[in-house]
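Here is what each chain is made of, one letter per residue.
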Amino acid sequence: MTQEYTAHSVTDGGEDPRTGSRVRVLLGRWRGDPGIWRRGIVLALLAVVVALLMIFHAQIPNKIGNLGSLIETFLPWFGVFVPLILVLALVRRSATALVAVLLPAVVWVNLFGGLLTDKSGAGGDLMVATHNVNADNPDPEGTARELAESGADVVALEELKASAVPTYVAALAGTYKYHSVQGTVGLWSKYPMTGTEPVDIRLGWVRAMRSTVNTPEGRVAVYVAHLPSVRVKLHAGFTANQRDKSADALGEAIADESLSRVILLGDLNGTMNDRSLNAVTSQMRSTQGAAGHGYGFSWPTSFPLARIDQIMVKGVEPTSSWTLPKTDSDHLPIAARVRLG
């Protein structure tokens, strides 16, 4: 019986000749295209603008609608422009745009590429967690139970509704022997707490507190804070003035702290890139940046866009940092392990 073979074959190197032929034809068209460098000028300019915004984000003024802080809040997302411009450059057959897109790609990798690697390690003397539970949380008991099951030694809660506080206290009592609620924030601990008091962040009501947690490895000053919310408005821009004033007050309190080991837990309504939080971020380390994997975006739960919930430390070593499974809040809880010794 004879067997018919098609003309299709594979070369010794494993290359499909038809594929190689298509590539050669495509390259031939590009080489013979007189407009390859003239097309895509707008795309090339867009690539340059994106790169410049990332490079000089700190120089963008905040005087007009806090524009600088707004851009810095979502700065990691500027990387989305790179594949978008790349695809459009290929569609337009623009060599100019293809070369230009290398600039924002290199800048983005330099700024944020390190966050893509897994820097988490093993060990740690203390596990901490923080969660903005949402005042309108329909299931505070379930949220508290999930946090207790996380294994955290210390848990901070923000946006506590007065009527829901007894529910949280009761649900967490079996795991955490010590706790304190100050205004709309609270702290639960497996270890004794002393020196607990509210922290004045210039709001007129209590949304921050401080306590000394007496761990087996020694005393640690733990701060819990919920900075004022920010809004993006067409007529006013990024309205964050009250948040910025509170951040300055919180930074002053932490700078005056007498203990050398400090942990800050809370919803800061801002990212580590936002210059308006410099009073805090300049003296503390983000556990996610030091020992996390990925960006650790925490808000909103439906499609996390930014990490506005933070665990920050001073005088202790982060070993790992991550987000916890979602609850009935609009924020994701976050956790970290730190080494105190």
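In this text the structure is predicted, and so the values were computed from the model without any measurement.

Visitor: Describe in detail the environment of Asn-269, supporting the description with residues and values.
Guide: Its place among the elements puts Asn-269 in the loop between β10 (262–267) and α10 (278–281). With relative accessibility at 11%, the residue Asn-269 sits in the buried group. Separated by 38 residues in the primary sequence, Asn-269 and Arg-307 place their C-alpha atoms 8.5 Å from one another. Residues in contact with Asn-269, not counting those within four places in the same chain, are His-226, Leu-227, Pro-228, Ser-229, Val-230, Arg-243 and Ile-308. A polar contact is formed between the side chain of Asn-269 and the backbone oxygen of Leu-227, at a distance of 2.8 Å.

Visitor: Describe the sheet that holds strand β1 (residues 126–132), listing the residues and the values that go with them.
Guide: Think of a sheet as strands paired side by side through backbone hydrogen bonds, with each pair either parallel or antiparallel. With respect to topology, six strands assemble into an open sheet ordered β3-β4-β2-β1-β14-β13, the strand pairing being mixed. The strands lining the two open edges of the sheet, one partner per strand, are β3 (178–182) and β13 (317–323). For this sheet the average axis-to-axis angle between neighbouring strands, irrespective of direction, equals 15 degrees. Pairing of strand β2 (residues 154–158) with strand β4 (residues 185–189), which is carried by four bridges, proceeds in the antiparallel orientation. Looking at β4, one finds that Ala-156 is bridged to Leu-187. Along the sheet face, helix α8 (residues 165–172) touches β2, β3 and β4 and points at about 10 degrees away from the line of β4.

Visitor: So what about the packing of aromatic side chains? Which residues, and what values?
Guide: Under the definition given, this model contains five aromatic pairs. Their ring planes at 25 degrees and their centres at 5.8 Å tell us that Trp-77 and Phe-297 sit as a pair that is stacked. Highlighted residues: Trp-77 in the loop between α3 (67–73) and α4 (81–92) and Phe-297 in the loop between α11 (287–291) and β12 (309–314), separated in sequence by 220 residues. Look at Trp-77 and you get partly exposed, because its relative accessible area is 30%.

Visitor: Outline the pattern of salt bridges, listing residues and values.
Guide: On inspection of all chains with the given rule, the structure shows seven salt bridges. The residue Glu-72 makes a salt bridge to Arg-275 at a minimum N-O spacing of 3.0 Å. Linking Glu-72 in helix α3 with Arg-275 in the loop between β10 and α10, this pair joins segments that are 203 residues apart in sequence. For Asp-274, the salt bridge is made with Arg-243, and the minimal N-O distance between the two is 2.9 Å. Taken together, the residues Asp-274 in the loop between β10 and α10 and Arg-243 in helix α9 (residues 241–255) connect sequence positions 31 residues apart. Within the structure, one salt-bridge network assembled from shared partners comprises Arg-243, Asp-244 and Asp-274.

Visitor: Which residues make up the packing of helix α2 (residues 41–55) against α4, and what values do they have?
Guide: Viewed as axis vectors pointing N to C, α2 and α4 meet at an angle of 165 degrees, and their least axial separation amounts to 10 Å. The orientation of α2 with respect to α4, classified from their angle, is roughly antiparallel. For the crossing formed where α2 meets α4, the hand is left-handed. On the side of α2, the interface is formed by Leu-43, Leu-46, Ala-47 and Val-50, while α4 contributes Phe-81, Ile-85, Leu-88, Ala-89 and Arg-92. Here the residues of the contact of α2 with α4 are counted per class, giving eight nonpolar, no polar and one charged.

Visitor: So what's going on with α2? Residues and values would help.
Guide: The end-to-end C-alpha distance of α2, which contains 15 residues, comes to 21 Å, matching closely the 21 Å that a straight helix rising 1.5 Å per residue would cover. Against α4, α5 (95–100) and α6 (102–112) lie the buried residues of α2.

Visitor: Please provide a residue-by-residue account of the nonpolar core, values included.
Guide: The nonpolar side chains of soluble globular proteins are, as a tendency, buried together. Core analysis: the biggest nonpolar cluster contains 22 residues, and Leu-126, Val-128, Leu-187, Ile-263 and Leu-265 have the highest contact counts within it. Breaking this core down by element, the ones donating at least two residues are β1, β2, β4, β6 (208–215), β7 (218–226), β10, β12 and β14 (334–339). Membership of the second largest hydrophobic core comes to 20 residues, among which are Leu-203, Ala-247, Leu-268 and Met-312.

Visitor: Residue-level account of a negative patch on the surface, with values.
Guide: Together, Asp-139, Glu-141, Glu-146, Glu-149 and Asp-328 make up a region of like negative charge exposed at the surface. Tracing the backbone through its elements, the reader meets Asp-328 in the loop between β13 and β14.

Visitor: So, unusual backbone geometry: which residues are in play, and what are the values?
Guide: For residues besides glycine, phi is generally negative; the peptide bonds are generally trans as well. Here the bond from Trp-299 into Pro-300 is cis, since omega is -15 degrees, no more than 30 degrees from zero. Mapped onto the elements of the fold, Pro-300 is located in the loop between α11 and β12. Of note, the phi angle at Glu-159 is positive, near 60 degrees, even though the residue is not glycine. Along the chain, Glu-159 falls in the loop between β2 and α8. Relative accessible area serves as the criterion here: at 24%, Glu-159 is assigned to the partly exposed category. A positive phi is found at Asn-269, a non-glycine position, where the angle reads about 50 degrees.

Visitor: Tell me about the sheet that holds β12, and name the residues and values.
Guide: Here six strands make up an open sheet; going across it, the order is β5-β6-β7-β10-β12-β11 and the pairing mixed. On the outer flanks of this sheet lie β5 (193–198) and β11 (285–286), each paired with one strand and no other. Bridging between β10 and β12 involves six bridges; their strand directions are antiparallel. Its bridge partner lying in β12, Asp-267 is registered against Asp-309. Along the sheet face, α9 touches β7, β10 and β12 and points at about 175 degrees away from the line of β7.

Rules behind the numbers
- Residues numbered from 1 in each chain as written.
- Predicted model: local features only at pLDDT ≥ 70, side-chain atom pairs only at ≥ 80, totals over all residues.
- Heavy atoms only, no water.
- Helix = DSSP H or I, 4+ residues; strand = E, 2+ residues; numbered from the N terminus.
- Buried < 20%, exposed > 50% of the residue type's maximum accessible area, 1.4 Å probe, protein only.
- Contact = heavy atoms within 4.5 Å.
- Polar contact = N/O pair within 3.5 Å; in protein donor to acceptor, adjacent residues only side chain to side chain.
- Pairing = 2+ DSSP bridges.
- Axes fitted to C-alpha atoms, helices over the stretch in contact; angles between N-to-C directions.
- Phe/Tyr/Trp six-rings, centres within 6.5 Å; stacked < 30°, edge-to-face > 60°.
- Salt bridge = Lys/Arg side-chain N within 4 Å of Asp/Glu carboxyl O.
- Parallel < 35°, antiparallel > 145°, perpendicular 65-115°, else oblique.
- Left-handed = near helix turned anticlockwise from the far one by under 90°.
- Nonpolar A, V, L, I, M, F, W, Y, C, P; charged D, E, K, R; others polar.
- Expected span 1.5 Å × (residues − 1).
- Core = buried A, V, L, I, M, F, W, Y, C linked by side-chain atoms within 4.5 Å.
- Patch = residues over 30% accessible without salt bridge, like charges linked within 9 Å, V, L, I, M, F, W, Y side chains within 5 Å.
- Areas by Shrake-Rupley, 256 points an atom, 1.4 Å probe, with all protein chains shown as cover.
- Lys, Arg positive; Asp, Glu negative; His and termini not counted.
- Charge placed at Lys NZ, Arg CZ, Asp CG, Glu CD.

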